[in-house]
There are 2 protein chains.
Amino acid sequence: MDAYKKAGVDINAGYKLVDEIKNLSKNSELGAFGGLFPLELGKYKNPVLVSGTDGVGTKLLIAIQAGLNETVGIDLVAMCVNDILAQGAKPLFFLDYLGIGHLDPDNAKKIVAGVVEGVKQAGAKLIGGETAEMPDMYTNGHYDLAGFAVGIADKDKLLNKAALREGDVLLGLGSNGLHSNGFSLVRDILFKQHDYKLADQLPGLDQDLKHELLRPTRIYVKSVLPLVEQGLIGSIAHITGGGLPENVARILPANLAAEFNYGTWPVPPIMNDLQKIGNLSFDDMKHTFNLGLGMVLAVHPENVDQVKAALSEAGEQVYQVGRLVSGFQEVIIRKD
Amino acid sequence: MDAYKKAGVDINAGYKLVDEIKNLSKNSELGAFGGLFPLELGKYKNPVLVSGTDGVGTKLLIAIQAGLNETVGIDLVAMCVNDILAQGAKPLFFLDYLGIGHLDPDNAKKIVAGVVEGVKQAGAKLIGGETAEMPDMYTNGHYDLAGFAVGIADKDKLLNKAALREGDVLLGLGSNGLHSNGFSLVRDILFKQHDYKLADQLPGLDQDLKHELLRPTRIYVKSVLPLVEQGLIGSIAHITGGGLPENVARILPANLAAEFNYGTWPVPPIMNDLQKIGNLSFDDMKHTFNLGLGMVLAVHPENVDQVKAALSEAGEQVYQVGRLVSGFQEVIIRKD
């Protein structure tokens, strides 16, 4: 083992980390060749697995620079499970991949603790993961995180474009700030075009930049999934890279367009600050940031009151932000 | 989009890549919020999902330096699906995560083509993936690849330590060279301690270093899974980081040890070269490299002939390398 350790790979540090993660996740079976998940299929007639993978993007560079690595795991889980929820499926289990230059078990434990917290918020189970120590690949304390989630739905209950109708109401769920998208632009504006520091506080914000930028991505599973299961939701767009235009377009059938009324929901102050500081056009803004909506639900008008009430009850900020209109898959954001 | 592109993220390059991957994988549904996989459960009484995640490690740095990125995707799939096979499960589907500093769609297409090839060799389906363009995280043309595979088995058919008995025969399946482990040590020996070039050819090798080092990890699914399904295999160890000692120990029950007779299988010439050049002890060797065995199967004596014949027929190099003996989970490699 000596030669390998001298070459920069400490297998024992890896084993120690696996033990720590077993404790954190309360899953003593971690560390086998593969994670096991028994399927309980009683309620599914035609079960379909829905699976997604994602990362945290260069939000990680903020966490690394700030030395605040405790919540990027929540972002990681959120990016994956919100995608699964958007299909109408229930997240079952999660695995994480951590690529890192030098394995410091204490720091890795902080990172994975965020994953464990995210998995808990999603009502899922962490059944495996990989920590890859890769000297020379990741330098300057950098690491990358990738996540994989698997969910399940009955085939007939998968959300489906065909269910959408003209006049369906668009409900937006408040985001928790930037979530995990647009960070290369954020970093460019704040730290390359300008010389802001992570300890600076921007106008309208109640905390310094590092904490504002690192607000964890909201996980919508527990509030939205029950409504999906009751058949009250027509379709869901998870608003990530590409913003409202790209992500809402993906749920539209060929004969409908989505019309948003800008001003019917609050845009997070950090985004207004970034627009001013970076001199961004509204076009740049809407294609890069979530504009304050982490998830958009299309709901038949007769279900809107019930859905709004249930979501508010579950702790979401819910806004009636627009409608589906006749069209050709356009996403229109009306500013008048 | 202009501001985001100037900040180093080209969303349109990403969309172009998704289209390329759709073509390569012949899966036109890629690009939805989550990948779908309908479960056909007819043959499973108590289905258990088996899931694993892994990466390629710093073998990637060799591929990047050599400009040969076509086969690391095979390594990626192999690392994941061989783990799933080791549990006795059938790989169903795969997702990949590619983190990259600057997205060059042509190069990314080469990388993903390897993933598609690996998934084909495993008899699985590529149902999703993520390409994350992360300027400043990955520099010097670096990228990282993580993979995620899900398989299925009937609960009663999962391979199980309890099935192993004293006297069971250990069959080793020939590896295709180094596979995807030990590369930080390989790079240390060849390129830091010494000044070898990727175009050099070492003694006993029939190709230059870059091609030798990049031989893709062998995928054992199609040859081994049918034997698992026939109940002919007691247990399987996938030989990865930690070598025979760590990986074979994981399949042993508390009352058995594994005894290997060194010399009953060929060690790949590259490993002998590395031992000499790096002045490695046998202890370093056995804990770092697979020593020529990519997979070790424990088989009841009465099934050995049938299993050997079937594996040879399927194109594997099969060696009878040892036995299970009474003991305490030790892995002994006898050199006398």
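Everything quoted here is computed from the prediction, not taken from an experiment. (Residues numbered from 1 in each chain as written. Chains lettered and ligands numbered in written order. Predicted model: local features only at pLDDT ≥ 70, side-chain atom pairs only at ≥ 80, totals over all residues. Heavy atoms only, no water.)

Caption draft 1: Seen up close, the interface of chain B and chain A. Contact residues are listed per partner, giving 76 residues for chain B and 75 residues for chain A. Around 5900 Å² of area is buried between chain B and chain A when both sides are counted, 63% of it from carbon and sulfur atoms. Counting the contacts that link chain B with chain A gives four salt bridges. Of the charged contacts in the structure, one is a salt bridge between B:Lys192 and A:Asp136, with a shortest N-O distance of 2.6 Å. One can count 19 residue pairs in polar contact (both at pLDDT 80 or more) joining chain B with chain A. With nine residues, strand β2 (residues 47-55) of chain B is the largest single contributor of residues to the side of chain B that touches chain A. Sheet topology note: the strand β2 (residues 47-55) of chain A/strand β1 (residues 35-38) of chain B ladder contains four bridges and is antiparallel. (Contact = heavy atoms within 4.5 Å. Buried area = accessible area lost by both parts, 1.4 Å probe. Salt bridge = Lys/Arg side-chain N within 4 Å of Asp/Glu carboxyl O. Polar contact = N/O pair within 3.5 Å; in protein donor to acceptor, adjacent residues only side chain to side chain. Helix = DSSP H or I, 4+ residues; strand = E, 2+ residues; numbered from the N terminus. Pairing = 2+ DSSP bridges.)

Caption draft 2: The pairing of strand β8 (residues 256-261) of chain A, seen in detail. Residues and elements named next belong to chain A. Across the six residues that make up β8, a large majority, five, are buried. Here β8 runs beside strand β11 (residues 331-334); their pairing, made up of four bridges, is parallel. Bridging from a neighbouring strand, Ala-258 pairs with Val-331 of β11. (Buried < 20%, exposed > 50% of the residue type's maximum accessible area, 1.4 Å probe, protein only.)

Caption draft 3: Layout of the nonpolar core. Core analysis: the biggest nonpolar cluster contains 252 residues, and A:Phe260 and B:Phe260 have the highest contact counts within it. Apart from residues no more than four positions distant in its own chain, B:Phe260 is found in contact with B:Leu170, B:Leu244, B:Val248, B:Trp265, B:Leu293, B:Val296, B:Val321, B:Gly322, B:Val331, B:Ile332, B:Ile333 and B:Arg334. (Core = buried A, V, L, I, M, F, W, Y, C linked by side-chain atoms within 4.5 Å.)

Caption draft 4: Focus on the UniProt feature "domain: PurM-like C-terminal" (unreviewed entry) in chain A. Here the UniProt-annotated "domain: PurM-like C-terminal" (unreviewed entry) positions come out as residues 165-331 of chain A. The span residues 165-331 of chain A shows a helical share of 35% and a strand share of 20%, and its end C-alpha atoms are spaced 15 Å apart. (UniProt positions renumbered as here; feature names shortened; annotations may be inferred.)

Caption draft 5: Here's a closer look at unusual backbone geometry. All names here are of chain A. In this model, Leu-291 sits at a positive phi of 60°, which is unusual for a non-glycine residue. The residue Leu-291 is located in the loop between α11 (282-288) and β9 (293-299) in this model. Even without glycine at this site, Gln-329 takes up a positive phi of about 65°. If you trace the backbone, Gln-329 turns up in the loop between β10 (318-326) and β11. You can call Gln-329 partly exposed: its relative accessible area is 35%.

Caption draft 6: Seen up close, helix α8 (residues 221-229) of chain B. Residue and element names in this part refer to chain B. All of the buried residues in α8 are Val-221, Ser-223, Val-224, Leu-225, Leu-227 and Val-228. Looking at the buried residues of α8, the elements they touch are α4 (72-86), β3 (90-100), β6 (169-174), β7 (235-238), β9 (293-299) and α12 (304-313). Note on α8: the residue one or two positions beyond its end, Gly-231, has a positive phi of about 75°.

Caption draft 7: Spotlight on the relation of the copies chain B and chain A. If you rotate chain B by 180° and push it 0.0 Å along the axis, it lands on chain A with an RMSD of 0.0 Å. What the rotation and shift describe, once combined, is the action of a two-fold rotation axis. Most of the interface of chain B is mirrored in chain A, where 99% of its interface residues again form contacts. (Least-squares fit on C-alpha atoms with pLDDT ≥ 70 in both.)

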